[in-house]
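Residues per chain are reported as follows:
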Amino acid sequence: MQVLSQFHDLILCIISALEARDPYTSHHSSRVAEMTETICELMGLDEEEKEIYHIAAHLHDIGKIGIRDNVLLKEGKLNDEEWNIMKSHSEQGYNILMNAKSFEVVADVVRSHHERYDGKGYPDGLKGEDIPLGARIIAIADSIDAMISDRPYRKGMDTNVCKDQIEKNIGVMYDPSIAKKVIEHWDEVLRSREDESNNCMSLHE
């Protein structure tokens, strides 16, 4: 996975291009990536796995490049047709990344980051440990950031309410072993998100 490490700066440039299109998700991928790395450390994963999943987290929404503006940038609730278009971003991300052989593992994780532990996710309806480990980790980090971030049409959720939502969905949306680890180290996971958010803000001042 040395190739992935060498392309890390390029990956960040690609994500910046996506976030320039959608200012309301600005820095979302970076925050998810930092929480993902923290969760990987809490789980005791090796350096190679951490690097793969950290990069996959940066790229998890790359498929949104292919989503048309009237859907991606809509401020209100999406209708059924628009929601189906938005859900296609995980497959589009997979297709983009599969153009590079060295990104095959990352591509599989990106494809599956919206799968649910109970098998009711998308795009493939994978269940339990059939879902790639990196995707199961990113699913929690992605949910946390989505829930507690402000959007134009709603205020971000209180962190304690977010924590309750994660707990309620253990074994439903989320891998129990990963989710319980996150709950046990809740403040540490949130701190990594906050540190990255502050870092992004200072870079743009």
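For the structure, check the block above.
Here goes a summary of the coordinates provided. (Residues numbered from 1 in each chain as written. Predicted model: local features only at pLDDT ≥ 70, side-chain atom pairs only at ≥ 80, totals over all residues. Heavy atoms only, no water.)

Observations regarding the nonpolar core
We apply this condition: What is meant by a nonpolar core is a set of buried Ala, Val, Leu, Ile, Met, Phe, Trp, Tyr and Cys residues, joined one to another through side-chain atoms within 4.5 Å. Here's how the labels work: a residue is buried when its accessible area is under 20% of the maximum for its type, exposed when over 50%, partly exposed in between, all with a 1.4 Å probe on protein chains only. Secondary structure follows DSSP: runs of H or I at least 4 residues long count as helices, runs of E at least 2 residues long count as strands, and numbering of each begins at the N terminus.
In this structure, L59, L97, V106, I140, I144, I166 and W186 are the most contacted members of the largest nonpolar core, which totals 42 residues. Ranked by residues supplied to this core, first place goes to helix α9 (residues 133-148) with eight residues. Counting five residues, the second-largest nonpolar core is a separate cluster that includes I67, L72, I85 and M86.

Focus on the packing of aromatic side chains
Spelled out, the test is: Classification of ring pairs rests on two measures: the distance between centres of Phe, Tyr or Trp rings, Trp counted by its six-membered ring, which must be within 6.5 Å, and the angle between planes, read as stacked under 30 degrees, edge-to-face over 60 and tilted in between. Look at NZ for Lys and CZ for Arg. If either is within 6 Å of the ring centre and within 35 degrees of the ring normal, a charge sits over the ring.
Applying the stated criterion across every chain yields a total of one aromatic pair. With a centroid separation of 6.4 Å and 85° between ring planes, the pair formed by W83 and Y122 is classed as edge-to-face. You can see W83 sitting in helix α6 (residues 80-87) and its partner Y122 sitting in the loop between α8 (104-111) and α9, a full 39 residues away along the chain. Directly above the aromatic system of Y122 lies the positively charged group of K87, at a separation of 5.2 Å from the ring centroid.

Here's the deal with the pattern of salt bridges
Heads up, the condition is: The salt bridge criterion pairs a side-chain nitrogen of Lys or Arg with a carboxyl oxygen of Asp or Glu, the two atoms within 4 Å.
Taken as a whole and judged by the stated rule, the model has twelve salt bridges. For K50, the salt bridge identified is with E47, shortest N-O distance 2.9 Å. Here K50 pairs with E47, and both are found in helix α4 (residues 47-58), just three residues apart, close to one helical turn. Here K50 falls in the buried class, since its relative accessible area comes to 11%. The partner of R116 in a salt bridge is D118, with the nearest N and O atoms 2.6 Å apart.

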